[in-house]
Amino acid sequence: PAPQENLLYFIEKNAPHLEGWKREILRIVRKISQYLYPQGQTKIMNEGFACFVHYHILHSLHARGLITDGTLLEFYASHTAVTFQPDFDDPRYSGINPYALGFAVFQDIKRICLAPTDEDRRWFSFAGDPDWRKQIHFAMREFRDESFILQYLSPKVMRDLHLFALSNDPDATAYRVSAIHDDSGYQYLRQAFARQIAESTRPPDIQIVSVDRWGDRHLRLRQMDPQPLDQDEAQKTLHLIHTLWGYDVHLDMEELSLSESGTL
């Protein structure tokens, strides 16, 4: 009567000829995937917070004389390697390093609390709050990556990481720089970056819309969002769903349809 968004659950419960041990494997995979799904939306925060806490603890121990300069230097070597952000034209570049970005933002929250600038006071209501730990804990409890960037990515961090936005019009012959380091650019860049993070952590919304239970048992899927799909990967995935379901499977997408049929 309504579309089903949990494909593994539907197949686990309704596949006509799936053996019991295979249903159990599907259940295990489904449970683990559901457990890990929210963690994929807090990668920047988790990695950044870990680096921030590690950095704070080691410096606190060093300030109290509980570790030596040599130990702190060893930590610096490891920490620097983890939080290193290659430039866009560096052969090692593969996107924004979540460790580097998360650590930079958490460090900046502390700085905004303890040593705010006039710019910080315009952008953040908590600027000058001496209880920086309260602000760090609030950020960790109440946000995920997308909203964390919208709330806490500061102009200073954007400048430090040399962030800018490009407009990629498929009909244009060149890229256009759509956001630079000014007030309107910072706002646009923050929103565009948060949107990019959200899209990268959100899987395509594909749901089961109908099944001919008493006829040829044909299973029909439909993509509910406009997110582009790689056709080769979509066809491979459809083949695997067909393997589990045991009968013909059809996927309706934005611009075309894919089918997987035959007897396996």
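Values in this document were obtained by computation on a predicted structure and should not be read as measured data.

Caption draft 1: How the structure looks around the layout of surface pockets. Put simply, the largest pocket is a space of about 980 Å³. If you trace the largest pocket, you find 28 residues lining it, with Glu5, Leu7, Pro203, Pro204 and Ile206 closest to the centre. Counting residues per element, the ones that place at least two in the lining of the largest pocket are α1 (7-14), α2 (20-36) and α11 (231-245). Considering every element that reaches the lining of the largest pocket, the biggest residue donor is α11, with seven residues. Per-class residue counts for the lining of the largest pocket are 15 nonpolar, six polar and seven charged. In this structure, the second largest pocket occupies an estimated 710 Å³ of space. Residue lining of the second largest pocket: 20 residues in total, with Tyr93, Ile96, His162, Leu163 and Phe164 positioned closest to the centre. Of the residues forming the lining of the second largest pocket, the biggest block, seven residues, is contributed by helix α10 (residues 183-201).

Caption draft 2: The arrangement of helix α7 (residues 132-142) in detail. Along α7, the positions that sit buried rather than exposed are Trp132, Gln135, Ile136 and Ala139. With its buried residues spanning 100° around the axis, α7 presents them on a single face. Structurally, α7 contributes buried residues whose contacts are with α3 (43-63), α5 (98-114) and α8 (145-152).

Caption draft 3: The packing of α3 against α5, seen in detail. Put simply, α3 and α5 touch, their axes get as near as 7 Å, and they point 60° apart. It follows that α3 is oblique to α5 by the angle criterion. Crossing angle aside, the handedness with which α3 passes α5 is right-handed. Contacts between α3 and α5 pair Lys43, Ile44, Met45, Glu47, Gly48, Phe49, Cys51, Phe52, Tyr55 and His56 from the former with Pro98, Tyr99, Leu101, Gly102, Phe103, Phe106, Gln107 and Lys110 from the latter. Grouping the amino acids of the contact of α3 with α5 by side-chain chemistry returns 11 nonpolar, four polar and three charged.

Caption draft 4: Looking closely at the nonpolar core. Membership of the largest hydrophobic core comes to 33 residues, with the highest contact counts inside it found for Val105, Ile109, Phe148, Ile149, Tyr152 and Leu153. Where this core is concerned, the elements lending two or more residues are α3, α5, α7, α8, α9 (155-160) and α10. Per-element tally for this core: the top contributor is α5, with seven residues. The contact partners of Tyr152, leaving out residues within four places of it in the chain, are Val105, Ile109, Phe124, Phe126, Gln135, Phe138, Ala139, Phe143 and Arg190.

Caption draft 5: Structural detail: the confidence of the model for the protein. When the pLDDT values of the protein are averaged, the result is 90; 95% of them are 70 or greater. Taken element by element, the protein is modelled with least confidence in strand β6 (residues 257-260), mean pLDDT 67, and with most confidence in α5, mean pLDDT 97.

Caption draft 6: Looking closely at the packing of aromatic side chains. Under the defined criterion, the tally for this structure stands at 14 aromatic pairs. With 6.0 Å between their ring centres and 40° between their planes, Phe75 and Tyr76 make a pair best called tilted. Accessibility expressed as a relative area gives 29% for Tyr76, which makes it partly exposed. Between Phe138 and Phe143 the ring centres are 5.7 Å apart and the planes differ by 80°, which places this aromatic pair in the edge-to-face class. Through a chain of ring-to-ring contacts, three or more aromatic side chains come together here, namely Phe49, Phe52, Phe106, Phe124, Phe126, Trp132, Phe138, Phe143, Phe148 and Tyr152. One residue, Lys110, lies across the ring of Trp132, its end atom 4.5 Å from the ring centre.

Caption draft 7: Up close: a nonpolar patch on the surface. Taken together, Phe164, Leu166, Tyr175, Val177 and Ile180 make up a surface patch of nonpolar side chains, about 530 Å² in accessible area. Here Leu166 lies in strand β1 (residues 165-167). Among the residues examined, Leu166 registers a relative accessible area of 45% and is labelled partly exposed.

Caption draft 8: Highlighting α1. When we look at burial in α1, the residues that qualify are Leu7, Phe10, Ile11 and Glu12. Where the residues of α1 are buried, they touch α2, β3 (206-211), β4 (219-223) and α11.

Reading the values: the criteria
- Each residue is numbered by its place in its chain's sequence as written, counting from 1.
- The predicted origin of the model limits local features to residues at a pLDDT of at least 70 and limits the giving and counting of side-chain atom pairs to 80 or more, whereas totals for whole chains, interfaces and linings rest on all residues.
- Values reported for side chains reflect all heavy atoms of the structure, with hydrogen atoms and water molecules removed beforehand.
- Cavities and pockets were defined on a 1 Å grid built from protein atoms only: a cavity is a group of points that admits a 1.4 Å probe but offers it no way out, a pocket is an open group of points flanked by protein on both sides within 12 Å along at least five of seven lines, and a lining residue is one with an atom within 4 Å of any such point.
- Grid points are joined across faces, edges and corners, and a volume is the space filled by probe spheres set on the points.
- Secondary structure elements are taken from DSSP: a helix is a run of H or I of four residues or more, a strand is a run of E of two residues or more, and numbering for both begins at the N terminus.
- Only Asp, Glu, Lys and Arg are considered charged, only Ala, Val, Leu, Ile, Met, Phe, Trp, Tyr, Cys and Pro nonpolar, and every remaining residue, Gly among them, polar.
- Only protein chains enter the calculation, and the probe is 1.4 Å; a residue is then buried if its accessible area is under 20% of its type maximum, exposed if over 50%, and partly exposed in between.
- Here the arc refers to the directions that run from the helix axis out to each C-beta atom.
- Working rule for contacts: check all heavy atoms of both residues, and any pair within 4.5 Å makes them a contact.
- Under this scheme, a helix contributes an axis fitted over its contacting stretch, all axes are lines through C-alpha atoms, and angles between N-to-C directions fall in the 0 to 180 degree range.
- Should an angle lie under 35 degrees it is considered roughly parallel, over 145 roughly antiparallel, and from 65 to 115 roughly perpendicular; all remaining angles are considered oblique.
- A clockwise turn of the near helix away from the far one marks a right-handed crossing, whereas an anticlockwise turn of less than a right angle marks a left-handed crossing.
- Here, nonpolar core means buried Ala, Val, Leu, Ile, Met, Phe, Trp, Tyr and Cys residues that are tied together by side-chain atoms lying within 4.5 Å of each other.
- pLDDT is a per-residue confidence score from the predictor, ranging from 0 to 100.
- Pairs were defined over the aromatic rings of Phe, Tyr and Trp, the Trp ring being its six-membered one, requiring ring centres within 6.5 Å. Orientation was assigned from the angle between planes: stacked under 30 degrees, edge-to-face over 60, tilted for the rest.
- Criterion for a charge above a ring: Lys NZ or Arg CZ within 6 Å of the ring centre, and within 35 degrees of the ring normal.
- Patch membership is restricted to residues that have no salt bridge and whose relative accessible area is over 30%. Joining uses 9 Å for like charges and 5 Å for the nonpolar side chains Val, Leu, Ile, Met, Phe, Trp and Tyr.
- Computed with the Shrake-Rupley method and a 1.4 Å probe, the accessible areas treat only the protein chains shown as cover for residues.
- Criterion for a salt bridge: a side-chain nitrogen of Lys or Arg within 4 Å of a carboxyl oxygen of Asp or Glu.

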